[in-house]
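Observations on the three-dimensional arrangement
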Amino acid sequence: MRLFSDILDFLKTLTFIDYVFFFAVLILMILIITLVYFIKINDEVFTHKKEAKKEPTQEMKIVEEINKALQNNAVEEHDNIDFTQYEKDQEEKAIISYDELLKQDHNYEINYEKEEYLDDLSVKKFDMDNLVSDKETAEKPSFAGRAISFAKEEAFLNALKQLQKELN
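In this convention, every chain numbers its residues from 1, walking through the sequence in written order. Owing to the predicted nature of the model, reporting of local features is limited to residues with pLDDT of at least 70; listing and counting of side-chain atom pairs is limited to 80 or more, with chain, interface and lining totals taken over all residues. Excluded from the side-chain calculations are hydrogens and water; all other atoms, namely the structure's heavy atoms, are used.

**A closer look at the overall build of the chain**
Comment: elements are numbered from the N terminus, with helices defined as DSSP H or I runs of at least four residues and strands as E runs of at least two. Counting its secondary structure elements, the chain contains six helices and four strands. Secondary structure of the chain in N-to-C order comes out as α-α-α-α-α-β-β-β-β-α. Counting all 168 residues of the chain, 2% fall into the buried class. Only heavy atoms matter for contacts: two residues are in contact if any of them lie within 4.5 Å across the pair. Sequence-distant contacts in the chain: of pairs separated by 6 or more residues, those separated by 24 or more amount to 38%. Entry remark: accessible area of the chain is about 16500 Å², with carbon and sulfur atoms responsible for 61%. Relative accessibility decides the category of a residue: with a 1.4 Å probe and only protein chains considered, values under 20% of the type maximum give buried, values over 50% give exposed, and everything between is partly exposed. Method for areas: the Shrake-Rupley scheme with a 1.4 Å probe, in which residue coverage is limited to the protein chains shown.

Below you can see the structure in the form of structure tokens.
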């Protein structure tokens, strides 16, 4: 019984801060033990996955065989491709890079049936029968572009007239 009374006397001499530190250390030890446990479990899971990768499944073997067969056929058939005339034209006209696009001579232009100007906006109606024409053969429409709208032009003209009156 003396042992229990000594333990009880010892606990009575401890302060509140001593209890907090004791339980904090106890909780910290428990957390460290669980952390080590989880690391060990995850290690086992990852090593199991690595072992599974080492042994390919039946499906993976089939996929590998199909890929090998496709690669062999692609190499053999690449030289023996027969193009139609349309495919040859498309291959010749294909633009592969931006530099080629800039170097290519653009001789085509969109045809318009009708063109109207509404203030600063140009409205054009497409010619659906002849969408594209050669620039060289087609006449370029004369464009009398306007920088400002009619209302602004009239206001500018009035301001010029008033300035002329003031100068005279």
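**A look at the packing of aromatic side chains**
The rule is short: rings of Phe, Tyr and Trp, with Trp giving its six-membered ring, pair when the centres are within 6.5 Å, and they are stacked under 30 degrees, edge-to-face over 60, tilted in between. Overall, the coordinates contain two aromatic pairs when judged by the stated rule. Measuring from ring centre to ring centre gives 5.4 Å for Phe22 and Phe23, while their planes differ by 70 degrees; the resulting arrangement is edge-to-face. Assessed through its relative accessible area of 52%, Phe22 is described here as exposed. Residues Tyr37 and Phe38 carry aromatic rings whose centres are separated by 5.9 Å and whose planes lie at 55 degrees to one another, so their mutual orientation is tilted.

**Topic: the environment of Glu115**
Relative to the helices and strands, Glu115 is located in strand β2 (residues 112–118). Taking the C-alpha atoms as reference, Glu115 lies 9.1 Å from Phe126; in sequence the two are eleven residues apart. In this structure, Glu115 is in contact with Ser122, Val123 and Lys124, ignoring residues within four places of it in sequence. At 3.0 Å, the side chain of Glu115 and the side chain of Tyr117 are in polar contact. Whenever a nitrogen or oxygen atom comes within 3.5 Å of another N or O atom, the pair is scored as a polar contact, on the condition that within protein one atom can donate a hydrogen and the other can accept it, and that pairs from neighbouring residues in sequence are kept only if both atoms are in side chains.

**A look at the pattern of salt bridges**
Side chains bearing opposite charge may pair, as long as their charged atoms lie close to each other. Here, a salt bridge means any Lys or Arg side-chain nitrogen found within 4 Å of an Asp or Glu carboxyl oxygen. Under the counting rule described, the total for this entry stands at four salt bridges. A salt bridge links Arg2 to Asp6; the nearest nitrogen and oxygen atoms lie 3.8 Å apart. Here Arg2 pairs with Asp6, and both are found in helix α1 (residues 2–13), just four residues apart, close to one helical turn.

**A look at the pairing of strand β3 (residues 121–126)**
Two strands qualify as a pair provided DSSP detects at least 2 bridges between them. Taken together, the six bridges between β2 and β3 define a ladder with antiparallel strand orientation. Of the residues in β3, the one forming a bridge with Glu115 is Lys124. What sits between β2 and β3 in their antiparallel hairpin is a turn of two residues, with Asp119 showing a positive phi close to 55 degrees.

**Overview of a nonpolar patch on the surface**
A cluster of nonpolar side chains, namely Phe22, Phe23, Val25, Leu26, Ile27, Met29, Ile30 and Leu31, defines an oily patch on the protein surface of about 780 Å² accessible area. With respect to the secondary-structure elements, Val25 resides in helix α2 (residues 16–54). Candidates for patches are residues over 30% relative accessible area with no salt bridge; among them, like charges are joined within 9 Å and nonpolar side chains (Val, Leu, Ile, Met, Phe, Trp, Tyr) within 5 Å.

Such coordinate-based values are descriptive only and should not be taken to indicate function.
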